[in-house]
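Observations on the model geometry
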Amino acid sequence: MFNWFRRNDKAKQQQPEATPLETQPEVTIESTEESQDEIVEPDYLAFAKAAYQNIQQRKGEAQTVESETEEVEETTEEVEISEPEIEEREIATEIEATETKEVIEETKPEEENTPPANIPAWMQKSQGLDKLKETAIETAKEEIAEEVELDEDFVWSSKVLAGSGRSAGDVSEEEISWLTKLRQGLGKTRIGLVNQLKSIVGKGPLDDDAVMEIESLLLQADVGIEATDYIIETLQTKLKSEALPPDQAIAYLKTILQDILDKPLEGKEDKAFVPEKGEFNIWLMTGVNGAGKTTTVGKLANLGKKSGYTCMIAAADTFRAAAVQQVKVWGERTNTPVVANPGKNTDPAAVVYDAIAAAQAKDIELLLVDTAGRLQNKQNLMSELAKIRRIIDKKASDAKVESLLVLDATLGQNGLRQAQVFSEAANLSGVVLTKLDGSAKGGVALAVTQQLNLPIRFIGAGEGIEDLRPFSSYEFVEALLNG
């Protein structure tokens with residue numbers, strides 16, 4: 001079973017040498033008088049077509065297995081027929097066959113020997129011509145099926161996966177769908193950035209006007225002051241030492257942004273955020289009202305189940321109306337047990353205590369705790385969050401505990417302030433960035449990593465159960481700047 005939490009590590013495990021040549025983008029080198037080192041971009045369209053064929057092949061195999069399974073079930077469910085009934089059916093079948101044979105024998109000579117009236121032989125229908133037409137039609141259909149036109153999103157998604165080291169045979173339909181949604185979700189931010197940045201950085205070293213324009217663009221995308229200053233300074237140093245055309249300048253800007261996003265994980269051997277298999281893991285979701293904590297809990301439960309973990313949800317949001325019912329709905333959708341207190345305004349810490357006991361009794365590997373939304377300036381609610389953490393440390397001292405801040409990407413700099421306060425109270429392990437599909441301010445991810453040194457662990461780009469995935473800085477930057 002594929003571990004989706006380690007999705008970003010899958011590319012590192014792939015060895016290009018062991019991948020068949022037809023599944024890797026072909027790279028051709030052209031030597032010209034101007035530059036002998038110019039490398040033509042790999043043929044990503046061929047890679048995308050190979051990936052599409054592999055996906056369709058897997059679909060066909062899955063459908064074949066399903067049909068075979070249904071046939072076996074139908075065969076086993078057939079009712080046994082008694083011997084007299086079998087004899088009667090055999091006799092009826094023989095009579096019908098004899099009658100049919102007699103009719104065929106009577107009509108066959110007329111068809112073969114009676115020529116059509118008043119029609120010359122050269123105008124009579126040729127059976128050979130019909131066979132040729134049928135063959136020609138089938139061949140045309142096969143050729144049309146082979147020439148599949150892929151849409152832009154599919155080709156772009158395939159290109160990103162190829163750039164991260166994947167082979168065409170390793171590309172799944174779910175990953176293509178996810179990258180398409182991520183690209184579309186960051187479309188508002190990208191449209192406002194890329195074209196204007198290209199027109200500015202393609203003119204050589206940045207003058208004061210260019211610096212002001214770039215600064216304005218980045219701040220509008222909620223990149224933050226600190227990250228903006230770092231980006232401009234690094235980019236200016238590069239452009240002073242080397243004149244870059246617009247496309248190469250944007251490519252260099254991508255490396256700057258990726259370095260910022262990866263900075264919180266520098267020096268760590270295992271950068272993936274993964275529950276320990278065979279051990280007790282507790283993930284605590286925190287954040288303000290409306291950030292998407294409950295939805296994130298449901299999507300993480302789905303991700304955990306698909307990755308082979310036993311999961312449980314603790315409905316510790318006991319203040320918001322219908323919060324427990326919402327968690328239960330997500331539990332039913334993901335087939336995950338939910339621990340909740342039916343009473344109103346009960347102690348969230350008590351719910352967490354009961355959930356830990358139930359999880360330990362059932363050897364659950366991942367307990368997801370949904371907490372009540374709270375504003376960062378409400379000290380009593382922040383103290384309650386600390387109380388939940390103390391209960392976890394006392395009741396499950398051997399558990400691997402992680403605290404994730406669910407941050408609404410549409411909030412921009414206000415979200416950054418939330419992250420600052422929650423990081424002090426909840427000992428955060430990282431951030432889940434949600435609602436990227438409805439925001440023009442995706443740059444808040446850069447502000448969080450640059451100013452707070454908090455890694456982005458997961459990102460959400462839609463309302464569907466599959467629209468949450470582990471964060472990849474490479475995919476995020478490509479979706480942000482690759483217009």
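Residues numbered from 1 in each chain as written. Predicted model: local features only at pLDDT ≥ 70, side-chain atom pairs only at ≥ 80, totals over all residues. Heavy atoms only, no water.

**Remarks on empty space enclosed by the protein**
Scanning the entire structure with this criterion turns up 1 cavity of 30 Å³ or more. Its volume calculated, the largest cavity comes out at about 50 Å³. Those elements that provide at least two residues to the lining of the largest cavity are α7 (187–201), α10 (246–262) and α17 (473–481). Per element, the largest residue contribution to the lining of the largest cavity is 3 residues, and it comes from α7. Residue composition of the lining of the largest cavity, by class: 10 nonpolar, 2 polar and no charged. (1 Å grid on protein atoms, 1.4 Å probe; cavity = no way out; pocket = protein on both sides within 12 Å on 5 of 7 lines; lining within 4 Å. Points joined across faces, edges and corners; volume = space filled by probe spheres on them. Helix = DSSP H or I, 4+ residues; strand = E, 2+ residues; numbered from the N terminus. Nonpolar A, V, L, I, M, F, W, Y, C, P; charged D, E, K, R; others polar.)

**Focus on the confidence of the model for the protein chain**
With 71% of its residues at a pLDDT of 70 or more, the protein chain shows a mean pLDDT of 76. Across residues 13–23 the pLDDT falls below 50, and counting only partners more than four positions away or on other chains, this stretch makes 10 contacts in the model. Considering only residues more than four positions removed or in separate chains, one finds that residues 139–146, a stretch of pLDDT under 50, has 0 contacts. (pLDDT = per-residue confidence, 0-100. Contact = heavy atoms within 4.5 Å.)

**Structural notes on helix α8 (residues 208–220)**
Taking 1.5 Å of rise per residue, 13 residues should cover 18 Å, and α8 covers 18 Å from first to last C-alpha, within 8% of that figure. Regarding α8, the residues found buried are A210, I214, L217 and L218. Down the axis of α8, the buried set is contained in an arc of 95°. They therefore lie on one face. Residues D208, D209, M212 and Q220 are exposed on α8 and point more than 90 degrees away from its buried face. In the segment just after α8, D222 is the residue with positive phi, at about 65°. (Expected span 1.5 Å × (residues − 1). Buried < 20%, exposed > 50% of the residue type's maximum accessible area, 1.4 Å probe, protein only. Arc of directions from axis to C-beta.)

**Here's the deal with the pattern of salt bridges**
A complete count under the given rule lists 15 salt bridges for this structure. Between E466 and K306 there is a salt bridge whose closest N-O contact spans 3.0 Å. Here E466 is found in the loop between β7 (456–460) and β8 (468–470), whereas its partner K306 is found in helix α11 (residues 293–306), with 160 residues between them in sequence. By relative accessible area, which is 27% here, E466 ends up partly exposed. In this structure, the salt-bridge partner of R469 is E466, at a minimum N-O distance of 3.1 Å. The exposure class assigned to R469 is buried, which follows from its relative accessible area of 2%. (Salt bridge = Lys/Arg side-chain N within 4 Å of Asp/Glu carboxyl O.)

**A closer look at helix α5 (residues 152–163)**
The end-to-end C-alpha distance of α5 is 16 Å, a good match for the 16 Å that 12 residues give at a rise of 1.5 Å each. Within α5 the residues assigned to the buried category are D153, F154, W156, S157, S158, V160, L161 and A162. The positive-phi residue at the C-terminal boundary of α5 is G165, with phi of around 100°.

**A look at the nonpolar core**
Among the nonpolar cores identified, the biggest contains 97 residues, and I214, W283, L433, F458, I459 and F476 are the most heavily contacted of them. The element contributing the most residues to this core is α10, with 7 residues. If near-sequence neighbours (up to four positions away) are discounted, F476 is found in contact with L182, L186, L261, L436, G442, A445, I459 and F471. (Core = buried A, V, L, I, M, F, W, Y, C linked by side-chain atoms within 4.5 Å.)

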